[in-house]
Amino acid sequence: MESDFPQSPEPFSCPLCVDTLRDAVTIPCGDTYCLDCIKTYWDQFDHIGVYSCPQCRASFTPRPVLRRNLPNVSLEQRLPQLTPFPYMHKGALCDFCVGRRNKAIKSCLMCLAYYCETHIMPHYESATFKRHKLVDETGHLDRKICPQHEKGLELFCRSDQMCICVLCTVREHRGHNIASAEEERTDKQKVLVVTQSQVQHIIQERMKELQELRHNVDVLKSNAQRAQTDSDKTFHEMLQAVERWHAEINQLIKANMQAAMNQAEGYVERLEQEIMELQRRDAELRQILDTEDNIHFLQNFPTLCVPPEPMVPKVLINPQFSFGEMSKTASDMKEHVDDICKKELSKISKTVSETPVYILLPRGGDKRLKVPSRADFQEPKNRADFLRYASKLNFDSNTVYKELVLSDGNQKVTRRKNVQFYPEHLERFDGFSQVLCKEAMTGFRFYWETEWSGEFSIGVAYKSISRKGKNSHSLLGYNDKSWSLLCSDSGYSAWHNKVDRDLPDAPRATRIGVYLDYAGNTVAFYSVSDTMDLVYRFKAQFSEPLYAGFGVGSSVSLCQLAQKSQSQSHSHYGHESLTGR
C-alpha cells in the first residue's frame, strides 16, 4: 500500500512537502518539519485532540507548542542540528531501570525490550537467554512485532515486500517467496552500498559546486568593484572633459568680446576725429557768417559752402550676433549629455534587470538539459519560439478533486456529478474542483498549452498552497501562493492574492498557452496562434518551485507539444498539430 508520505527526503528538506525547510521546527520526538507543513497537518486532528509525528508516529497530548529553530544559521551550523532521515533515532531508554532510566544500548527481539549496559548482562551470562536475538538499539521496537500475531518479525516476504513473522507464512503469505531477514538484508545491503556510493559521489559533486559557487560569487563581487572603479574613472574623465569644454566656451566668449571691443575702439576714435573736424568747420562757418567784410565773405564762400563728406560709416550692433547664443550652446550641450546618459542608463538598467544573475537548472536524467544559450534570453515572439520551451506535464492523481476523472494517461481531466473514490491524501484538494500537475518548475523557462470547455481557471501555484477546505487559502489565484487566469464564455479575469483584474479586451480562444519565465519572475497567458496574442502577464518574485494548476468546470486537456530546436523555430502555426491528448 502506498504511503501517504514521501519516502527518503533529501537532507535539509521537509518530509511532508519534500522541499527545503522553511521556518524549521523540531517537534518533541526530534523530527523536523516546515512550520506551516506540520501546523497544517496537525490542524486536521484538532477534533481528536491527539497529534502524531507523520514519520515515527509518536503521539502527543496536548498539542505541542511549535517554536522555530535557530534562524540564519550557515550550512556548517545546520549539519549537526537537523535529522535528515526518520530512522536516525535519538535513543531509547532501558525498560528495567528503576528511578532514573539509563540509555539503552541493545534491544532483544525475543523479549521485545530495551536494555542498558547493566541490565543486558544476563543475556550474555545466562544460558536461558542463549537463543535470544540481540540487536543494536535503533528505536521503534514496536515495529519489529507482527501486528496480527504479536510475534517477532524474522522473515521477509519478497512477493509483498514486507517483513513477516513465522505464523504469517501459514495463512496470509502462504505460497509466497519467503526469505530470512538476514538473507534479504544481505541482498538489499548490496543495493544500499551502491546507493551510499552514489550519495557520496553526489556529496563530492555538491561540495565542488559549492566551492565553484562561492568562487563565482567572489568573482561577481570583484567584477562589480571593477565596474564601479571603471565607472568612477570614466565619469572623472567626463568631468575633466566638461571642464575643458567649459574653459573653451569661456575662452571663446572672451575672445569674441575682446575682438568686439577692439573694433569698437577703432570706430570710436574715427568718430571722435570726425566730430573734431566738423566742430572746426562749424567754427569757420560761424566766423564767416559774422564778418562785415563782404569781399572776404565772397572770397571764402566757394570753399565753405561745400557740405562735408562723412568720414566714418554709421556703426550698429548686428542683431544676429549675441553672446546669449553661446549660453544656449552650453545649455544644449548639457541637455544632449543628459539625454545620452538617460537613454544609455535606461538601456543598461533594462538589460541588467531582465538578465538573471543565476540560472537554476533542475537536476535529473533529462538528456536535453543544457546550459541556456544567448538566444534563450530573448523574449519569444511567435508560437514556434514558445515551443522551444515546451514542457511535458501530467496531472497528479494525488491532488485531483473527488468529482474529477483522469483519462488519456493523466493528460485529460473531466468533471462528473458522481463522487469518485480516491484514497485520502494530504495533497488532495477537498474543497474545490482543482488539480495540480506532478512536475515542479524552477530555474528557467517553461511552456505548455491547454484546451478547455466550460468555465475553468489555469495558473501556477507553490506546493505549499493549502488543499483543505473551501477558503481562499486553497483556491487557485486567491492567495499569495498562486497566480491564475479565470476563463469563461463571458470573459477573462486575472487573479492573485484576492486581487482580480477584468480583461474585457483580451483575445478569446479555446486553447490557452502558459509561458513561465521563472528566472525572469513572470508568468504569462496567451491566446494560441502563430502570433501568440497576450492575454495577461503577472510580474512576481518567485521563491519556491511552481506547479501547473487548474480549476475544472467541465473538462481540461493538456496538449501534446513537440519541443522545437532553434533551427525549427519558424515553422508555420498551421503545420503544427493542435490535438490535445
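Residues numbered from 1 in each chain as written. Predicted model: local features only at pLDDT ≥ 70, side-chain atom pairs only at ≥ 80, totals over all residues. Heavy atoms only, no water.

Asker: Would you explain the pattern of salt bridges in this entry?
Answerer: Oppositely charged side chains may form a pair once their charged atoms are brought near each other. Using the criterion set out here, one finds 21 salt bridges in the structure. Between Glu449 and Arg383 there is a salt bridge, with the nearest N and O atoms lying 2.9 Å from each other. Of this pair, Glu449 sits in strand 14 (residues 445-453) while Arg383 sits in helix 7 (residues 383-386); the two residues are 66 residues apart in sequence, bridging distant segments of the chain. Just as Glu449 is buried, Arg383 falls in that class too. Each of Arg158, Glu183, Glu184, Asp187 and Lys188 takes part in one network of salt bridges that share partners. (Salt bridge = Lys/Arg side-chain N within 4 Å of Asp/Glu carboxyl O. Helix = DSSP H or I, 4+ residues; strand = E, 2+ residues; numbered from the N terminus. Buried < 20%, exposed > 50% of the residue type's maximum accessible area, 1.4 Å probe, protein only.)

Asker: Explain the side chain of Glu274 to me, please; I cannot follow it from the model alone.
Answerer: When you line up the elements, Glu274 lands in helix 4 (residues 181-290). Arg270 provides the closest opposite charge to the buried, unpaired Glu274, separated from it by 7.5 Å. Ignoring any residue separated from it by four or fewer positions in sequence, one finds Glu274 in contact with Glu309, Pro310, Met311 and Val312. (Lys, Arg positive; Asp, Glu negative; His and termini not counted. Contact = heavy atoms within 4.5 Å.)

Asker: For this particular structure, what's the right way to read the packing of aromatic side chains?
Answerer: Aromatic ring pairs are reported here in terms of the distance separating the ring centres and the angle at which the planes meet. Taken as a whole, this structure holds 17 aromatic pairs when the rule is applied. Every member of this aromatic cluster is reached through a ring pair, and the members are Phe386, Tyr389, Phe444, Tyr447, Tyr515 and Tyr526. Lying across the ring of Phe429, Arg467 places its NZ or CZ 5.3 Å from the centre. (Phe/Tyr/Trp six-rings, centres within 6.5 Å; stacked < 30°, edge-to-face > 60°. Lys NZ or Arg CZ within 6 Å of the ring centre and 35° of its normal.)

Asker: Looking at this structure, I do not really get the environment of Ser557. What am I missing?
Answerer: Summarising the element assignment, Ser557 is placed in strand 23 (residues 555-558). Once the C-alpha coordinates of Ser557 and Glu449 are considered, the two residues, 108 residues apart in sequence, prove to be 8.6 Å apart.

Asker: Honestly, helix 1 (residues 35-43) in this entry has me stumped. Any pointers?
Answerer: Think of an α-helix as 3.6 residues a turn; residues three or four steps apart then line up on the same face. Those residues of helix 1 lying buried are Leu35, Cys37, Ile38, Tyr41 and Trp42. Considering only its buried residues, helix 1 is in contact with strand 1 (24-26), strand 2 (32-34), strand 3 (51-52) and strand 4 (59-60).

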